[in-house]
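Below, each chain spelled out in residue letters.
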Protein chains: 4
Amino acid sequence: MVQQSIQTTELRNQLLHSYETTRMMTNTLVEPLETEDYTIQSIPDVSPPKWHMAHTTWFFETFILKEYSESYRSFHEEFDYLFNSYYESVGSFFPRHSRGLLSRPSIDKVRRYRKDIDEEITRLINEADEAILIEIADLIEIGLHHEQQHQELLMTDIKYNFSINPLKPIYRELDSIETAKASPIEWLSFEGGLVETGINEGNGFSFDNERPVHKVWLEPFELASRTVTNGEYLAFIEDGGYKRAEFWLSDGWSTVKNQAWEAPLHWENKDGEWYNFTLHGLVPINKEEPVTHISYYEAEAYASWAGKRLPTEAEWEVAVRDQPIEGNFVEDGVYHPVASVKKGEGQLQKAYGDVWEWTKSPYMPYPGNKPLDGALGEYNAKFMSSQMILRGGSCVTSQSHIRPSYRNFFAPDKRWQFTGIRLAGDVE
Amino acid sequence: MVQQSIQTTELRNQLLHSYETTRMMTNTLVEPLETEDYTIQSIPDVSPPKWHMAHTTWFFETFILKEYSESYRSFHEEFDYLFNSYYESVGSFFPRHSRGLLSRPSIDKVRRYRKDIDEEITRLINEADEAILIEIADLIEIGLHHEQQHQELLMTDIKYNFSINPLKPIYRELDSIETAKASPIEWLSFEGGLVETGINEGNGFSFDNERPVHKVWLEPFELASRTVTNGEYLAFIEDGGYKRAEFWLSDGWSTVKNQAWEAPLHWENKDGEWYNFTLHGLVPINKEEPVTHISYYEAEAYASWAGKRLPTEAEWEVAVRDQPIEGNFVEDGVYHPVASVKKGEGQLQKAYGDVWEWTKSPYMPYPGNKPLDGALGEYNAKFMSSQMILRGGSCVTSQSHIRPSYRNFFAPDKRWQFTGIRLAGDVE
Amino acid sequence: MVQQSIQTTELRNQLLHSYETTRMMTNTLVEPLETEDYTIQSIPDVSPPKWHMAHTTWFFETFILKEYSESYRSFHEEFDYLFNSYYESVGSFFPRHSRGLLSRPSIDKVRRYRKDIDEEITRLINEADEAILIEIADLIEIGLHHEQQHQELLMTDIKYNFSINPLKPIYRELDSIETAKASPIEWLSFEGGLVETGINEGNGFSFDNERPVHKVWLEPFELASRTVTNGEYLAFIEDGGYKRAEFWLSDGWSTVKNQAWEAPLHWENKDGEWYNFTLHGLVPINKEEPVTHISYYEAEAYASWAGKRLPTEAEWEVAVRDQPIEGNFVEDGVYHPVASVKKGEGQLQKAYGDVWEWTKSPYMPYPGNKPLDGALGEYNAKFMSSQMILRGGSCVTSQSHIRPSYRNFFAPDKRWQFTGIRLAGDVE
Amino acid sequence: MVQQSIQTTELRNQLLHSYETTRMMTNTLVEPLETEDYTIQSIPDVSPPKWHMAHTTWFFETFILKEYSESYRSFHEEFDYLFNSYYESVGSFFPRHSRGLLSRPSIDKVRRYRKDIDEEITRLINEADEAILIEIADLIEIGLHHEQQHQELLMTDIKYNFSINPLKPIYRELDSIETAKASPIEWLSFEGGLVETGINEGNGFSFDNERPVHKVWLEPFELASRTVTNGEYLAFIEDGGYKRAEFWLSDGWSTVKNQAWEAPLHWENKDGEWYNFTLHGLVPINKEEPVTHISYYEAEAYASWAGKRLPTEAEWEVAVRDQPIEGNFVEDGVYHPVASVKKGEGQLQKAYGDVWEWTKSPYMPYPGNKPLDGALGEYNAKFMSSQMILRGGSCVTSQSHIRPSYRNFFAPDKRWQFTGIRLAGDVE
Ligand SMILES: [Fe+3]
Ligand SMILES: [Fe+3]
Ligand SMILES: [Fe+3]
Ligand SMILES: [Fe+3]
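About the thresholds
The residue numbering used here restarts from 1 in each chain and proceeds along that chain's sequence as written. Written order decides the labels, with chains lettered from A and ligands numbered from 1. Per-residue local features of the predicted model are confined to residues with pLDDT of at least 70, and side-chain atom pairs are confined, for both listing and counting, to 80 or more; whole-chain, interface and lining totals are unaffected and use all residues. Based on all heavy atoms of the structure, the side-chain values leave hydrogens and waters out of the count. UniProt positions are given in the numbering used here, feature names are shortened, and annotations may be inferred rather than shown by experiment. Strands here mean DSSP runs of E at least two residues long; helices mean DSSP runs of H or I at least four residues long; both are numbered from the N terminus. As a reference, a globule follows 2.2 Å times the number of residues to the power 0.38, and the radius of gyration itself is taken over C-alpha atoms. For the exposure calls, accessible area comes from a 1.4 Å probe over protein chains only, and a residue counts as buried if that area is under 20% of its type's maximum, exposed if over 50%, partly exposed in between. Only the protein chains shown count as cover for residues, and the accessible areas themselves come from Shrake-Rupley with a 1.4 Å probe. Only C-alpha atoms enter the line fits that serve as axes; for helices the fit covers just the stretch in contact. Angles between N-to-C directions range over 0 to 180 degrees. Oblique is the label for any angle not covered by the other classes, which are roughly parallel (under 35 degrees), roughly antiparallel (over 145) and roughly perpendicular (65 to 115). Three categories are distinguished: nonpolar for Ala, Val, Leu, Ile, Met, Phe, Trp, Tyr, Cys and Pro, charged for Asp, Glu, Lys and Arg, and polar for the others, with Gly belonging to the last. Stacked, tilted and edge-to-face are the three classes assigned to paired rings of Phe, Tyr and Trp, where Trp is represented by its six-membered ring and a pair needs centres within 6.5 Å; plane angles under 30 degrees give stacked, over 60 edge-to-face, the rest tilted. Here is the rule for handedness: rotate from the far helix to the near one, and if that takes an anticlockwise turn smaller than a right angle the crossing is left-handed, while a clockwise turn gives right-handed. Contacts are assigned to residue pairs that have any heavy atoms within 4.5 Å of one another. Note that water is not among the atoms used; donors are N, O and S atoms within 2.8 Å of the metal (3.2 Å for Na, K and Ca), so sites may look incomplete. Paired strands, in this sense, are two strands between which DSSP finds at least two bridges. Accessible-area loss on putting two parts together, using a 1.4 Å probe and summing over both, is the definition of buried area adopted here. Distance and chemistry together define a polar contact, namely a pair of N or O atoms within 3.5 Å, with one atom able to donate a hydrogen and the other to accept it when in protein, and with adjacent residues in sequence counting only for side-chain atoms on both sides. What a helix should span is 1.5 Å times the count of its residues minus one. At any given residue, the bend is defined as the angle formed between two axes, one fitted to the seven residues that end at that position and one fitted to the seven that begin there. Whenever Lys or Arg places a side-chain nitrogen within 4 Å of a carboxyl oxygen from Asp or Glu, that contact is recorded as a salt bridge. For this overlay, a least-squares fit was computed on C-alpha atoms, restricted to residues scoring pLDDT of at least 70 in both copies. By the counting scheme adopted, Arg and Lys are positive, Glu and Asp are negative, and His together with the chain ends is not counted.

- Looking at an unreviewed UniProt entry, chain A carries the name Ergothioneine biosynthesis protein EgtB, with the source organism given as Guptibacillus hwajinpoensis.
- Among the UniProt annotations of chain A, the heading Pathway (unreviewed entry) holds the following wording: "Amino-acid biosynthesis; ergothioneine biosynthesis."

Spelled out as structure tokens, the structure:
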């Protein structure tokens, strides 16, 4: 009993700490914004910053306070409609593509909403009895991982919103410019065989889509020691990459033509020189940096041009899972990938952070997978069609958010995330 | 010489006065807004409030300062691209339908822009020699009339932006609710014949599209003493007005079906009762008020249902031009049409203010009309296709802006302006 | 009584004759087609040839047989749905833009339909008693004018359908190529004043939209002796006509950019030379021929470039109405405009035939105009918005179909009709 | 040497025989069509019958005659542009969605084209020397399998074209109506483990996408003995299947709402009763027949409602590959699925024919897969994104075309093929 309460107290403290830290991180990330920046939505894919701030709050309100708090009173009855993203079983929701048409609630009101819910959650953590505490601990954990996902979107959405503005706003000035050179690519071999990937419950936090551990047969394969650089990608462009159908999937080629793609997103050609729109402004392309803001179609076409292929998600996971989770993350405050420098002979560089790595695996449930019960079952499972898996996290992912089994996913034409390429190959 | 300088001084003072008054009116109208309200654009037809504030400023900068001021330095080189509306001969411009995607410049920066240009214009008025002063006087006058037009759009755009927000923001609370009853319609007869309409230069300010005076033959006609009320329009709705093709132009009927129109814009049906979204919030329909926010198609269909027709612009002008310019204008601070009460036997009521009155006249140049020279020739002339004339001003028009010859014009499907119906008929 | 029966017999014979002649003309025009040509619809504006053939037949069936024939039995119950064009008061109709998706009824079946209805109409004409005969005489007349309108559309629709086929099918080979030179333009002056235009019932056939005679005030004006040639239009193109916004209405300029217009419809540039797709195949541009297949926007822009303007419909009618109705019509079998050669000093050339002449008059009802009663009231009146008047007929109009008061109308962006330009000007 | 020539003669005869048989099958299938039916394309997914007939011919012309025949002369130089479907490396091609806008070439000309190419191919088979013969044998085989694929599309495209016609044309009358009852579903268990699927070259004809044999790990699973019936699917509909988001993938649910789906394609509800548009006309739903014309989204939603799942393609292949290739195929001339009757205890029914069975496997390359060299490498590989695998063939597939390793694929929203559902489940 005494021992239990010590554990309970520890759990309370740990929850309070991670809740406060994660929620504060959101506030830190929006600090450079002006009031007007919180409201706009420059394409349907992105959401206004204030929407992210309210939606992550709505998540705690809806899945925790409404269920477990007696003192809870609805902050505003329309917020359920405005800030539900896509949970059909919770109720109807405001159309996603129109989120940028709403000036109200103002960011001040959204901040009050966050504060109000934060106080309620804090009180609940402090006051819940042990049984409830254990129950809500899981929900708070998922709510915080959810918030971290939206922190990443916040950064890529701000970047996109700024990019289409002729004034080219700067999110944050960079003190110094990185000058490292990327190490040459090495090819690391893996023997494959009947392996296991995925994760089971009870081994730290995981989303339902990463579960369960399951067997996969892999042929021997090789993986590049680092991701493709801007310089390498430029060679593809200069070899007519965007003009030769032969490298492209049929859907990819249609997209290239319809969208008039000639380079990665956020690249701009001025008088024959390529520039890169970054969160620190428009800068000349750095050839040593990992290429980023490319679609699956472009990753696939590049691999085809290079005579290689993308890895499967199982290959990636098997190759990477013994690496330490280190890299260039959102906590580093760079918000841009940096050149990959060799760590040692025959080692994978930058498996985590910098850029998400497209795999050739469509996003499908693992054998034996069970989505969560209730509304949270909609979190991941219903998106399992026509999307591709990405692995490893990026320069705007939280270090505490990523892990070997983590499955990110986007449609094959999306480019506004920090996405890149690590090549793989067959070994005969 | 002495006399001249007195006149010049008077001109200077008068320009300074009207410049300051009109520019300040814009500031007054946006006072109730929150910072976020300045940035949004809920449909392509409307513009963000801060865009109106910057564009009207750009107008003075471009057509006056750039030409006549020696001290003038560009406030921001991109503003020419951002705040040119449609003047092809001035240069390229940011796409109209994307104006709401720009968080920068912030409203603070736009206010500094306004202040900066105001100072430059004031200095120019104060310091210009007599010859220049006379030249810029005309341009300042057109700039101020231009600003008044955008003040009207500001109000209708704010209204539209607010209307689509589930939170139904209120622009300004109303102290008291109007309770007057509309007088019964009387039919006033006019004999027509060979009349003159339009205006010539030198008779007070006019836009180029109102000129010159020209002859028109009119058959005898009659005009309703007041505009159609909500109550009368409701009878049209209840008689199946939006369900019976027989009353509608072919394009109008397609629009009714494609847009699923069932009532004027800003009407909402809750449990069988009609409500009206106004700048003071959502209120029950007042049957005595003039119906507003209807398209030309609806005006035409209503007239057809009522066995009447819309007037031509020449009929309207001939009938109205001896009336005093009185009515419910933006200066009255009501921002909504009010019931029309009889002024005296056989008199036209509310020819000005309250609601713009659709005419059956397509917007075309008058015989002998000459657009202005230079870029300002684009102000009006190039829009002369597929638009219909409206007359009389509305509850968000400035009293000093309207006159008998004033020609407003919109495409026949537009409804977000304060537009209404005055019926006409043939007299045999 | 005896005298009456002679008149009746004459009326019967005359109706039989014109019915047979006009209906046969349709058959003659489709003779060069292959079976597959009858079914396609290459853009929503055009209709499949077999649809025109069935719809004109449906017109007689619906407005005459259903009302007046006792022996009439419906040929096929679905035909009312399939071949009603736009008469809302008759019933619902198959969507216009999908007419080309229907392989059935086959053209054989449509021919049987035509034959069946022709027999019924013929029997009705032969057997109707005098009172009925007089009643149906008007309806047959309108039905035949309707058929003539569709004969014109048949030709322009076939031309469009053929034009988009890479095989460039030829409708009919031309025996010889015309080589005449266009006469120089002369400017003919007209004094204007208070004139009358339009027509009253009882003065030969007219559509309801041409009625009644009404007064119009005209300032003095001048009219070009002939229409603009390809050579003259080419000078406009070569002077940057399609690249300089200054000449264009705002809607026109948008259309130029959105549709990537660089020349009239059916012009093709191969290695720097302009070719013209005609009903006799692809031929080099003949500079002497009237320019055709241009929109109102292009006509207006050309006039602006030329320092002139388009005539109003009243100016056109007043200037032309004393001319004989002569010209290059569908009966001539050329199906293409030919060079305009001077007839005599100070004479208007080619007022009729060759190309429809855009006027600057929007299509609106004349003062005192009354549409027909019943469903036929939908024939013209409901299209009176956002369309412009054309006058004079074209090389695929029937000579017996055109007259001074005839009002054709199309939206200002349409180009697939044989449309051209006659310039006008003010006379001071 | 002698022996070789006997083998060569045999090969020649066998090629002549299969070429003639397969090509003739196409002619047989189009026999019921009227001339107009050959030209239309009612949605972008379908192609006009004459296009299929010409494109399959172009395939032989392009990949065999152009390469191997000395006597070959191009039949028509534009046909390469018109009848290339999607081979970028062959050259440009006419836009797919506009195939129905071309009346020419006429079906007569297309028949002459087929005849001409047939004669050339026959001559080549007869006259080629042994080395060439062996080379072209593979190409002819792929050309004939290609033709069989288009025969299937021909039938589903004709069905779709007919379905949207209000006249509801009948492809072929049925002599008698099937009345069998579907046997109850049995669940057959399979143990899984490390299995091999796919096929290697040299084991009869296969497409490149079926190769090579490769290892896959399968958990134990069960498979339904037969496919889902109309009756079972109706229960899903009546339980609100199309109105409850909970069963659907997110993309599927959007499609249901945007397309207003309420039932499978070709189902029609008249006065509360469901009818099925078939190639023999509109008939009441037969509850015993396999449900067909459903999308992957619907198959997945049904499985979710039923508490089961779809099989993977590896599960399907392992379970089915020892079954005889028997069933209801295009050769049976029924062109519609028929009720599935039990063959014996614990046996899979109807693994082949009737309806293609959606699997939950996205269409991706097998490990170690190599597309064909040259233009034929575009046949399959470039479509490997955002499509799902179907297995087993349908009632309009040729019996000689299908095999255990055969991979069909369509986007998850497509419904115009004869597609159905066989449920699977996990076995614990
Ligand atoms: Fe979320
Ligand atoms: Fe403006
Ligand atoms: Fe018609
Ligand atoms: Fe093909």
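### Side note on the overall build of chain A
Phase 1: The number of helices and strands found in chain A is nine helices and twelve strands.
Phase 2: A compact globule built from 428 residues should have a C-alpha radius of gyration of about 22 Å, and chain A, at 22 Å, falls within 12% of that.
Phase 3: Seen along its three principal axes, the alpha-carbon backbone of chain A occupies a region of about 65 × 55 × 40 Å.
Phase 4: Looking at chain A as a whole, 59% of its 428 residues qualify as buried.
Phase 5: In the form shown here, chain A has an accessible surface area of approximately 16900 Å², with 48% of it arising from carbon and sulfur atoms.

### Thoughts on the UniProt feature "domain: DinB-like" (unreviewed entry) in chain A
Phase 1: Mapped onto the present numbering, the UniProt feature "domain: DinB-like" (unreviewed entry) falls on residues 19-153 of chain A.
Phase 2: This span, residues 19-153 of chain A, is 61% helix and 0% strand, and a straight line between its end C-alpha atoms measures 19 Å.

### Describing the packing of helix H2 (residues 49-68) of chain A against helix H5 (residues 130-163) of chain A
All names here are of chain A.
Phase 1: Between H2 and H5, the shortest axis-to-axis distance is 8 Å and the interhelical angle comes to 170°. Taken together, the axes of H2 and H5 are roughly antiparallel relative to one another.
Phase 2: Grouping the constituent residues of the contact of H2 with H5 by class yields 16 nonpolar, seven polar and three charged.

### What about the UniProt feature "domain: Sulfatase-modifying factor enzyme-like" (unreviewed entry) in chain A?
Phase 1: According to UniProt, the "domain: Sulfatase-modifying factor enzyme-like" (unreviewed entry) feature falls on residues 186-424 of chain A.
Phase 2: Here residues 186-424 of chain A is 15% helix and 21% strand, with 11 Å between the C-alpha atoms at its ends.

### Things to note about the packing of aromatic side chains
Phase 1: A full pass over the atoms with the stated rule returns 158 aromatic pairs over all chains.
Phase 2: An angle of 40° between the planes, with centres 5.9 Å apart, marks the rings of Trp58 of chain B and Tyr87 of chain B as tilted. In this pair, Trp58 of chain B is assigned in helix H2 (residues 49-68) and Tyr87 of chain B in the loop between helix H3 (79-83) and helix H4 (107-127), connecting sequence segments 29 residues apart. By the burial criterion, Trp58 of chain B is buried, and Tyr87 of chain B matches it.
Phase 3: Aromatic pair Tyr233 of chain D and Tyr242 of chain D: ring centres 6.3 Å apart, planes at 70°, arrangement edge-to-face.

### What to know about the packing of helix H4 (residues 107-127) of chain D against helix H5 (residues 130-163) of chain D
Residues and elements named next belong to chain D.
Phase 1: Here H4 crosses H5 at 150°, and the two axes come no closer than 11 Å. With respect to each other, H4 and H5 are oriented roughly antiparallel. Classified by chirality, the crossing of H5 by H4 is left-handed. Judged by residue contacts, Arg114, Ile121, Leu124 and Ile125 of H4 engage Leu133, Ile136, Ile140 and Glu147 from H5.

### What about the environment of Gln399 of chain A?
Residue and element names in this part refer to chain A.
Phase 1: Following the sequence through the fold, Gln399 ends up in the loop between strand E9 (388-391) and strand E10 (408-410).
Phase 2: Taking relative accessible area as the criterion, Gln399 reaches 37% and is therefore assigned partly exposed.
Phase 3: Distance from Gln399 to Glu331, taken between C-alpha atoms, is 7.3 Å for residues 68 residues apart in sequence.
Phase 4: In contact with Gln399, other than residues within four places in its own chain, are Ile325, Glu326, Phe329 and Glu331.

### Notes on the coordination of the iron ion (ligand 4)
Residue and element names in this part refer to chain D.
Phase 1: Donor atoms from the polypeptide that coordinate the iron ion (ligand 4) comprise His55 (NE2), His146 (NE2) and His150 (NE2), at 2.2 Å from the metal.
Phase 2: Of note, the iron ion (ligand 4) draws all its donor residues from one chain, in the sequence arrangement H-x90-H-x3-H. Residue His146 and its partner His150 are both found in helix H5; the two are separated by four residues, about one turn of the helix.
Phase 3: Here His150 falls in the buried class, since its relative accessible area comes to 11%.

### Some thoughts on the sheet that holds strand E6 (residues 273-278) of chain D
Residues and elements named next belong to chain D.
Phase 1: Across the sheet, which stays open at both edges, the three strands sit in the order E5-E6-E7 with antiparallel pairing between neighbours. Looking at strand neighbours, the two that pair on one side only are strand E5 (267-270) and strand E7 (281-284), the edges of this open sheet. In this sheet, neighbouring strand axes are inclined to one another by 35° on average, regardless of whether the strands run parallel or antiparallel.
Phase 2: Sheet analysis places E5 next to E6, joined by four bridges and oriented antiparallel.

### So, the interface of chain D and chain A
Phase 1: Listed by partner, the interface residues are 30 residues for chain D and 30 residues for chain A.
Phase 2: Across the chain D/chain A interface, buried area totals approximately 2200 Å², and carbon plus sulfur atoms make up 60% of it.
Phase 3: Applying the counting criterion to the chain D and chain A interface returns six residue pairs in polar contact (both at pLDDT 80 or more).
Phase 4: Where the side of chain D that touches chain A is concerned, the elements lending two or more residues are strand E3 (214-218), helix H7 (250-258), helix H8 (296-305) and strand E8 (356-362) of chain D.
Phase 5: Among the elements that take part in the side of chain D that touches chain A, H7 of chain D stands out by supplying four residues, more than any other.

### Let's talk about the coordination of the iron ion (ligand 2)
In a perfect tetrahedron of four donors around a metal, the angles come out at 109.5 degrees. In a perfect octahedron of six, they are 90 or 180 degrees.
Residue and element names in this part refer to chain B.
Phase 1: Taken together, the protein ligands of the iron ion (ligand 2) are His55 (NE2), His146 (NE2) and His150 (NE2), with distances of 2.2 Å.
Phase 2: In the primary structure, the donors to the iron ion (ligand 2) are separated according to the pattern H-x90-H-x3-H. Here His55, found in helix H2, pairs with His150, found in helix H5 (residues 130-163); they are 95 residues apart in sequence, far enough to count as distant.
Phase 3: Looking at His55, the relative accessible area reads 1%, which means it is buried.

### Re H5 of chain D
All names here are of chain D.
Phase 1: With 34 residues, H5 extends 49 Å from end C-alpha to end C-alpha; this agrees with the ideal 50 Å at 1.5 Å per step.
Phase 2: Largest kink in H5: about 25°, centred on Ile136.
Phase 3: For H5, the tally of buried residues reaches 25 of 34 residues, placing the bulk of the element in the interior.

### Observations concerning the pairing of strand E6 (residues 273-278) of chain C
Put simply, side chains in a regular strand alternate between the two faces of the sheet.
Residue and element names in this part refer to chain C.
Phase 1: The antiparallel hairpin formed by strand E5 (residues 267-270) and E6 contains two residues in its connecting segment, where Asp271 sits at a positive phi of about 50°.
Phase 2: Relative to strand E7 (residues 281-284), E6 runs antiparallel, the two being bridged by four bridges. The residue bridging Phe277 from the neighbouring strand is Leu282, located in E7.
Phase 3: Between E6 and E7, which pair antiparallel one after the other, the connecting turn spans two residues.

### With respect to the pattern of salt bridges
Phase 1: Scanning the model with the defined rule gives 104 salt bridges over all chains in all.
Phase 2: With its nearest N and O atoms 3.2 Å apart, the salt bridge here joins Glu246 of chain A to Arg244 of chain A.
Phase 3: Of the charged contacts in the structure, one is a salt bridge between Glu315 of chain B and Arg309 of chain B, with a shortest N-O distance of 2.9 Å.
Phase 4: On the basis of relative accessibility, which here comes to 5%, the residue Glu315 of chain B falls in the buried class.
Phase 5: Salt bridges here are not isolated pairs; linked through shared partners, they connect Arg23, Arg114, Asp118 and Glu147 of chain A.

### Observations concerning the relation of the copies chain A and chain B
Phase 1: Rotating chain A by 180° and moving it 0.0 Å along the rotation axis overlays it on chain B with an RMSD of 0.0 Å. Here the copies are linked by what is in effect a two-fold axis. When C-alpha distances to the rotation axis are compared across chain A, the minimum falls at Glu36 of chain A, with a value of 2.8 Å.
Phase 2: Same-surface contact between copies: 100% of interface residues of chain A are shared with the interface of chain B.

### Quick notes on the interface of chain A and chain B
Reports often express the size of an interface as the amount of accessible area lost when the parts come together.
Phase 1: Contact with chain A, which involves 30 residues of that partner, is made by 30 residues of chain B.
Phase 2: Each partner contributes to the roughly 2500 Å² buried at the junction of chain A and chain B, and carbon and sulfur atoms together form 62% of this total.
Phase 3: When residues of chain A are sorted by the area they lose upon contact with chain B, Glu36, Arg104 and Leu167 of chain A head the list and together hold 30% of the total.
Phase 4: Ionic pairing is found between Arg104 of chain A and Asp37 of chain B, a salt bridge with its closest N-O pair at 2.6 Å.
Phase 5: Mapped onto the side of chain A that touches chain B, the elements with two or more residues apiece are helix H3 (79-83) and helix H4 (107-127) of chain A.
Phase 6: A breakdown of the residues in the side of chain A that touches chain B according to their chemical character gives 14 nonpolar, nine polar and seven charged.

### Some words on the relation of the copies chain D and chain A
Phase 1: In the superposition of chain D on chain A (RMSD 0.0 Å, axial shift 0.0 Å), the rotation amounts to 180°.
Phase 2: When the interface residues of chain D are mapped onto chain A, 100% of them again fall at the interface, so both copies present the same face.

### Remarks on the side chain of Arg12 of chain D
Residues and elements named next belong to chain D.
Phase 1: Turning to its location among the elements, Arg12 is positioned in helix H1 (residues 2-30).
Phase 2: As a buried residue without a salt bridge, Arg12 has its nearest oppositely charged side chain in Glu130, at a separation of 7.1 Å.
Phase 3: A distance of 2.8 Å separates the side chain of Arg12 from the backbone oxygen of Ile125, its partner in a polar contact.

### Some remarks on helix H8 (residues 296-305) of chain A
Residue and element names in this part refer to chain A.
Phase 1: Of all ten residues making up H8, seven are buried, and the element is well covered by its neighbours.
Phase 2: Along H8, the positions that sit buried rather than exposed are Tyr296, Tyr297, Glu298, Ala299, Ala301, Tyr302 and Ala303.
Phase 3: At its buried positions, H8 is contacted by helix H6 (230-238), helix H7 (250-259), strand E8 (356-362) and E9.
Phase 4: Once H8 finishes, Gly307 follows within two positions and takes phi at roughly 75°, a positive value.

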